[in-house]
12 protein chains.
Amino acid sequence: MHLLIINGPNLNLLGQRETQIYGNLSFEDYLAELREKFDHQIDYQQSNVEGEIINFLQESKHDGILINAGGYTHTSVAIRDCIAAIQIPVIEIHISQPQAREAFRHESLIAGVCQGSISGFGLKSYELGIRSFG
Amino acid sequence: MHLLIINGPNLNLLGQRETQIYGNLSFEDYLAELREKFDHQIDYQQSNVEGEIINFLQESKHDGILINAGGYTHTSVAIRDCIAAIQIPVIEIHISQPQAREAFRHESLIAGVCQGSISGFGLKSYELGIRSFG
Amino acid sequence: MHLLIINGPNLNLLGQRETQIYGNLSFEDYLAELREKFDHQIDYQQSNVEGEIINFLQESKHDGILINAGGYTHTSVAIRDCIAAIQIPVIEIHISQPQAREAFRHESLIAGVCQGSISGFGLKSYELGIRSFG
Amino acid sequence: MHLLIINGPNLNLLGQRETQIYGNLSFEDYLAELREKFDHQIDYQQSNVEGEIINFLQESKHDGILINAGGYTHTSVAIRDCIAAIQIPVIEIHISQPQAREAFRHESLIAGVCQGSISGFGLKSYELGIRSFG
Amino acid sequence: MHLLIINGPNLNLLGQRETQIYGNLSFEDYLAELREKFDHQIDYQQSNVEGEIINFLQESKHDGILINAGGYTHTSVAIRDCIAAIQIPVIEIHISQPQAREAFRHESLIAGVCQGSISGFGLKSYELGIRSFG
Amino acid sequence: MHLLIINGPNLNLLGQRETQIYGNLSFEDYLAELREKFDHQIDYQQSNVEGEIINFLQESKHDGILINAGGYTHTSVAIRDCIAAIQIPVIEIHISQPQAREAFRHESLIAGVCQGSISGFGLKSYELGIRSFG
Amino acid sequence: MHLLIINGPNLNLLGQRETQIYGNLSFEDYLAELREKFDHQIDYQQSNVEGEIINFLQESKHDGILINAGGYTHTSVAIRDCIAAIQIPVIEIHISQPQAREAFRHESLIAGVCQGSISGFGLKSYELGIRSFG
Amino acid sequence: MHLLIINGPNLNLLGQRETQIYGNLSFEDYLAELREKFDHQIDYQQSNVEGEIINFLQESKHDGILINAGGYTHTSVAIRDCIAAIQIPVIEIHISQPQAREAFRHESLIAGVCQGSISGFGLKSYELGIRSFG
Amino acid sequence: MHLLIINGPNLNLLGQRETQIYGNLSFEDYLAELREKFDHQIDYQQSNVEGEIINFLQESKHDGILINAGGYTHTSVAIRDCIAAIQIPVIEIHISQPQAREAFRHESLIAGVCQGSISGFGLKSYELGIRSFG
Amino acid sequence: MHLLIINGPNLNLLGQRETQIYGNLSFEDYLAELREKFDHQIDYQQSNVEGEIINFLQESKHDGILINAGGYTHTSVAIRDCIAAIQIPVIEIHISQPQAREAFRHESLIAGVCQGSISGFGLKSYELGIRSFG
Amino acid sequence: MHLLIINGPNLNLLGQRETQIYGNLSFEDYLAELREKFDHQIDYQQSNVEGEIINFLQESKHDGILINAGGYTHTSVAIRDCIAAIQIPVIEIHISQPQAREAFRHESLIAGVCQGSISGFGLKSYELGIRSFG
Amino acid sequence: MHLLIINGPNLNLLGQRETQIYGNLSFEDYLAELREKFDHQIDYQQSNVEGEIINFLQESKHDGILINAGGYTHTSVAIRDCIAAIQIPVIEIHISQPQAREAFRHESLIAGVCQGSISGFGLKSYELGIRSFG
């Protein structure tokens, strides 16, 4: 399969900041591990810009997408609309448990249009998301 | 008159996705029809990026603007502030009826600073918006 | 085409009160202009009574209806139910922009069952509504 | 017993519109059936006007009233006040289940002052309401 | 002065129903007392129909109006709009204290456009309202 | 027909407590009366345990069910899900009028998935519910 | 009669500040006018301190009290409790129309325990309040 | 590893009801497949009773628990408290996407105390949950 | 006196879990201390099942009841109804201060029908509850 | 021990007003009884002024404080902040059950920073509060 | 310039309590430092009483005022009204960041009528406030 | 020190639009004044794009940052997350007083993670922000 991982705002800081929480593994390093573990071809895009995340989604020709929309999860009707419009199955990923945090993180605007959601397993959430494809 | 149409996120997918709802006419094709129908000079900009839509609004020297802000309609204080700051009359356009959809689409943050709003007429909403200029 | 314009409460005061805002054209005068401008046969009904507006809607055999429900826009489940029940396409019209006014005017109970909505263009909102029919 | 059935807005459309949902029996036809089935004298009033429904309630000298207030169920403090003021027992009737529909139909302003409520049984809700009188 | 008293829904029941609360004086009897007490010419209108109350307000050529809108106080944007549109000073009258009753009576939609409000003094609220005119 | 009545929490106290409100007839006595009045076979289950009520619903092979879920009416998503899952028509019954009581009783979580609802007629609500089956 | 007027916070500024709105009559001057106009003995207390207003209410042996609680109207459960506890009839007075101002002024915590409320008549609200006593 | 799967209300109906949505595989059959696929020892408990689910959680001596609390997900503070009290890692599982359904399913009371959440993958959600343990 | 203590969900874990907060005294040990300290006969029931707690309340013939409903405090209309129905005085007990915890613990559904409430004193809350009986 | 009882607004009326509810014992008389019953030295302060209650709290050098903040319980962030700032354990006392009264009494702003809360036992709530200190 | 600093409830505890957060500098000591640093004449008032803070504001003849209203920031309509009524520019000061604390501290009732607001800089917030005057 | 000023959407219009409110000084001109007034090295970035503001924050190696996030202040969880993630102290700046404007501007999503906030002083808010660094 040909898969795409899209990371949203601030996820490029993984491994550099708040390492006591998230560890000192960068997402690129983790991605290398993922690619070894799976036969799938796994592409990767990251952006802090809401509209670029929409661009990634629109331009994708993959068999499946994993999206960690970061802070946009709770505020972006535009990303929701995009996921609803494209035909590729999209999986929502979170490293932490949003429902264990502030009230404004308890509702996900995109969950309702994603095929499935996985949260709280640290970086392993991505691996589980990939496994959901087969 | 010199008019500008600004389309927000996902409106570049018109004619490609969800064609059973929106038809298989791309916005560019529809734009060609509009330009034939009117004597006005009609410019066109589309972006999935909230801030670029603000850029389009700020840079405009047109006599009037039609904006379909898509999902940003319900979440963007920044676009609202921009429309309030510029002196050009801005018309809010929607292809569908947002109030017939999910509750989070019932309030438009930008309607209150637009000169007028037109929604629900399919692509014809744009034509009506142009006619509002005279 | 055979069209019907229905005006709700207080719209009979147009041209007499608050003329600095709405001008000193009565709706009847404006209607005469509309009838000259279009080939359509345009009937007109006005009432301050919610239930009579429902009567007008139920009795209509027109090809299309334009309704400016005034204050009932925000409070009338009964008018909403009527528009949903009849088969004639109904267009929602407002002279001003309700979303630029008090919070209790931000939600329209009838928009969700109207084919389209036009607001904020002054009396010209009616003309645009008629043009929406072709 | 001498009973009164009051039907509110749009219920005069029964049998004419949305017949796939409500069947093609008019309320008058159904009333004839009811009158055959029961020894009670059953009067009938219908109006689309909120205030006329109040008039019917005030003028009633019946032993009991069945009211289907339609859309006014959810918005009319005035009908509620009237039911509370008269001494005749009033039964609230609905053909469909309001709580299975939009959120603005989940609260009945009149239920709290009615002796009982019956909803969801189609036209049979009226028959059950009559049986509640003994 | 030439004054108008407008009573809304169910106020025609005064003196007939719930006499333990409101006494057995009909409003007409009370009106006769008022007319004796004051030199003003005092007209009187009552209706259970929201739109007729709007008609009374629109047709008035009085120097001042006292309105007890009953249950419409809390639900009628249309009456509010009418009071705001006419130039005659309007005083809001209530026999009881709405804020001592159910929560849905705590907000008055019309108070904000009335010149003053008087509530809780029984029928004497009308007398005080008349005195407010001088 | 073969019918099942399910009573929820505290309804086993009928006839023993608050007899000034509910009378001193136990539900078992009332059930005997019901069985005499109808040709239907009427089974009866009562439990104070939410999950046992779900068990009763799941195990039922009846032609119809009457459920008075008591306090669980307003809090049980689980009972709602069960009613939605089984194919037997379920009627919601209440002895009193929940909408005349505290605000937390105004919304029924189960009404939306029941075929009909009957409330406020005292024990007679059950009889009316049975009659709804024909 | 022996009456007490209690003015709450900032009402000591009358006649000194915002004179374009409230005129340049101090409350003391107005009080002198009131005393001339009525045979009643009228005492007067003002304080900016919530608890002192409670003291005034508790210590009062008057036949009636007029209270303009100013900003405490909307926030003081303690003043509400005091009015409910004493047996003297208390009238709520406001110079302006609170419901025409910010949303946090739309609910009066004390109205529900006052015998009556008068607002919006400028200083004349006090005169009307006195007249309510006979 | 020694794992426990706890299924809440109505999940015992899998394979029998709504098979067009959930397929005709019973959970027991699916469990057999799971046990073949993994080396883990997988115990299974199901109950429609909230308190029994708490009992299962309290009595567990497993290395990890997967819980699909069904309708209790959105209403049970008691299950939340139990998960917070025990030291075993608990994973929240849902077959469907709760955020794509009614508003009362958008908040999970237990997610905030679970180590991770997986939803929307059909029965495969359980398999992914097991894989999260290693 | 003959008293009953009812403990709700998860309170059987006292002394085993979260001992750094609650100490390592089990409730049974604490109960032994209580029985020594008082002449009252003190019975004890614990259940994790909401409906069993209702059973305990219904079957009680004690002179007074102390109930710590745990998580059901905030969600159980059914327990509230039961306490309101029985004639025995019931005291609400909490070990911690619910209002110092999450927002969903700030409202107690049962406090309004309990004779008194005691919270925050650790296990000593039970002792104070017993002393409230004299 | 050296204890302080602080009573807030209107509690100085105990024994004088609403004696049918609260009895005709003044708090001073009750205090005398308390002082006889306990070896503790019990000081007493009462004020209707929110800020003086803060003064009492700040100036206290006692081993424990019992506070019945009356109406300020539900509105005073300032008293809350003071209790949080001082190191003396503070117990919240109420004579009645606030949660059995109006909705605006259901939330206590101070409970979250008090060591414990006791309500509903009449004057005995104070005695129980003193016993909480040992 | 002649400036006034007004400190509200509990700010007199600075330097005595919670010194690990606020340091052990009393406000008087800090004030001495401020007076050395600036040529302005700086007066100082502190009170725990809401109404006295209003008195300070009303009596001020200064060129500018800095107010830290403490807990009254979020609850005092009366202080808001006073700031709006006087003509002296008022600056809102907070030592901590209220929006980083409990939800009831997120809205400031006085910010909307203050010329500016400064929060979060510890005692330095006052110095910045003084510098805002020139 | 090395400082960074980040301006969000529409702040590039300063000096060109709404000059009657904001003056005709562009931010660049004001920046020149600031640089003269302080010894600090002051860098400047402006963008209308939410994600670019996040980029500026992430790439910064400054000793302190001043951010005026404009309309994103009230909608951007993503900017909040970024400020929380980086270790540089960030000061929130506003030219006007957001709490004096529409309700949707009363809550700042970023204030809770900023070291301090300064608003309402016009362009001088930036100068005060710089002074906060020493």
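Residues numbered from 1 in each chain as written. Chains lettered and ligands numbered in written order. Predicted model: local features only at pLDDT ≥ 70, side-chain atom pairs only at ≥ 80, totals over all residues. Heavy atoms only, no water.

Draft legend 1. Quick look at the interface of chain D and chain E. Contacts between the two partners involve 17 residues from chain D and, on the opposite side, 16 residues from chain E. Between chain D and chain E, the buried area comes to about 1300 Å², and carbon and sulfur atoms account for 51% of it. Three residues, Q58, V77 and A85 of chain D, lead the burial of chain D against chain E; their summed loss comes to 37% of the area buried on that side. The tally of links from chain D across to chain E stands at two salt bridges. A salt bridge links R105 of chain E to D81 of chain D; its shortest N-O distance comes to 2.8 Å. Where chain D meets chain E, there are seven residue pairs in polar contact (both at pLDDT 80 or more). Listed by contribution, the elements that provide at least two residues to the side of chain D that touches chain E are α3 (50–59) and α4 (77–85) of chain D. The element that contributes the greatest number of residues to the side of chain D that touches chain E is α4 of chain D, accounting for seven residues. Looking at the side of chain D that touches chain E residue by residue, the classes come out as nine nonpolar, four polar and four charged. (Contact = heavy atoms within 4.5 Å. Buried area = accessible area lost by both parts, 1.4 Å probe. Salt bridge = Lys/Arg side-chain N within 4 Å of Asp/Glu carboxyl O. Polar contact = N/O pair within 3.5 Å; in protein donor to acceptor, adjacent residues only side chain to side chain. Helix = DSSP H or I, 4+ residues; strand = E, 2+ residues; numbered from the N terminus. Nonpolar A, V, L, I, M, F, W, Y, C, P; charged D, E, K, R; others polar.)

Draft legend 2. How the structure looks around the relation of the copies chain D and chain E. Once turned by 120 degrees and shifted 0.0 Å along the axis, chain D lies on chain E with an RMSD of 0.0 Å. Here the transformation between the copies is reduced to the relation of a three-fold axis. Looking at the interface residues of chain D, only 18% of them are also at the interface in chain E, so each copy uses its own face. (Least-squares fit on C-alpha atoms with pLDDT ≥ 70 in both.)

Draft legend 3. Examining the sheet that holds strand β3 (residues 64–68) of chain E more closely. Across the sheet, which stays open at both edges, the ten strands sit in the order β2(E)-β1(E)-β3(E)-β4(E)-β5(E)-β5(G)-β4(G)-β3(G)-β1(G)-β2(G) with mixed pairing between neighbours. Looking at which strands have only one partner, the edges of the open sheet turn out to be β2 (41–46) of chain E together with β2 (41–46) of chain G. Within this sheet the neighbouring strands show an average axis-to-axis angle of 20 degrees, counted without direction. This element, helix α2 (residues 27–37) of chain G, spans β1 (2–7) and β2 of chain G of the sheet and lies at about 165 degrees to β2 of chain G. (Pairing = 2+ DSSP bridges. Axes fitted to C-alpha atoms, helices over the stretch in contact; angles between N-to-C directions.)

Draft legend 4. Focus on the interface of chain H and chain A. Counting from both sides, the interface comprises 23 residues of chain H and, opposite them, 23 residues of chain A. Taking both partners together, chain H and chain A bury about 1800 Å²; carbon and sulfur atoms supply 50% of that area. Considering only the surface of chain H that becomes buried against chain A, Q97, Q99 and F121 of chain H emerge as the three largest contributors, covering 29% of it. At the junction of chain H with chain A, the criterion picks out zero salt bridges. Connecting chain H to chain A are 16 residue pairs in polar contact (both at pLDDT 80 or more). Elements represented by at least two residues in the side of chain H that touches chain A include exactly β5 (116–119) and α5 (124–131) of chain H. The class makeup of the residues in the side of chain H that touches chain A is eight nonpolar, twelve polar and three charged. Inspection of the sheet shows strand β5 (residues 116–119) of chain A paired to β5 of chain H by three bridges, in the antiparallel sense. The partner of I118 of chain A across the bridge, within β5 of chain H, is I118 of chain H.

Draft legend 5. Region of the structure containing the pattern of salt bridges. Taken as a whole and assessed by the stated rule, the structure comprises 60 salt bridges over all chains. Salt-bridge contacts for E127 of chain D lead to K37 of chain D; the nearest nitrogen and oxygen are separated by 3.2 Å. With a gap of 90 residues between them, E127 of chain D in helix α5 (residues 124–131) and K37 of chain D in helix α2 (residues 27–37) connect regions that are remote in the sequence. When its relative accessible area of 9% is taken as the criterion, E127 of chain D is described as buried. Salt-bridge contacts for E102 of chain D lead to R105 of chain D; the nearest nitrogen and oxygen are separated by 2.7 Å. With a relative accessible area of 28%, E102 of chain D lands in the partly exposed category. One salt-bridge network, held together by shared partners, links R80 and D81 of chain A together with E102 and R105 of chain B. (Buried < 20%, exposed > 50% of the residue type's maximum accessible area, 1.4 Å probe, protein only.)

Draft legend 6. Looking closely at the side chain of N10 of chain F. Relative to the elements of secondary structure, N10 of chain F occurs in the loop between β1 (2–7) and α1 (19–22). A distance of 3.1 Å separates polar atoms of two side chains, one belonging to N10 of chain F and the other to Q58 of chain I. Those residues in contact with N10 of chain F that sit more than four places away from it in its chain are Q46 and N48 of chain F together with I54, Q58, A78, D81 and C82 of chain I.

Draft legend 7. Spotlight on the sheet that holds β5 of chain A. Pairing in this open sheet of ten strands is mixed, and the strands run β2(A)-β1(A)-β3(A)-β4(A)-β5(A)-β5(H)-β4(H)-β3(H)-β1(H)-β2(H) from one edge to the other. Looking at the sheet topology across the chains shown, the edges are occupied by β2 (41–46) of chain A together with β2 (41–46) of chain H. For this sheet, the mean inter-axis angle between neighbouring strands, taken without regard to orientation, is 20 degrees. Bridge count between strand β4 (residues 90–94) of chain A and β5 of chain A: four bridges; the pairing is parallel. In the sheet register, H94 of chain A faces β5 of chain A, and the bridge partner there is S119 of chain A.

As far as function goes, none of this settles anything; it's purely spatial.
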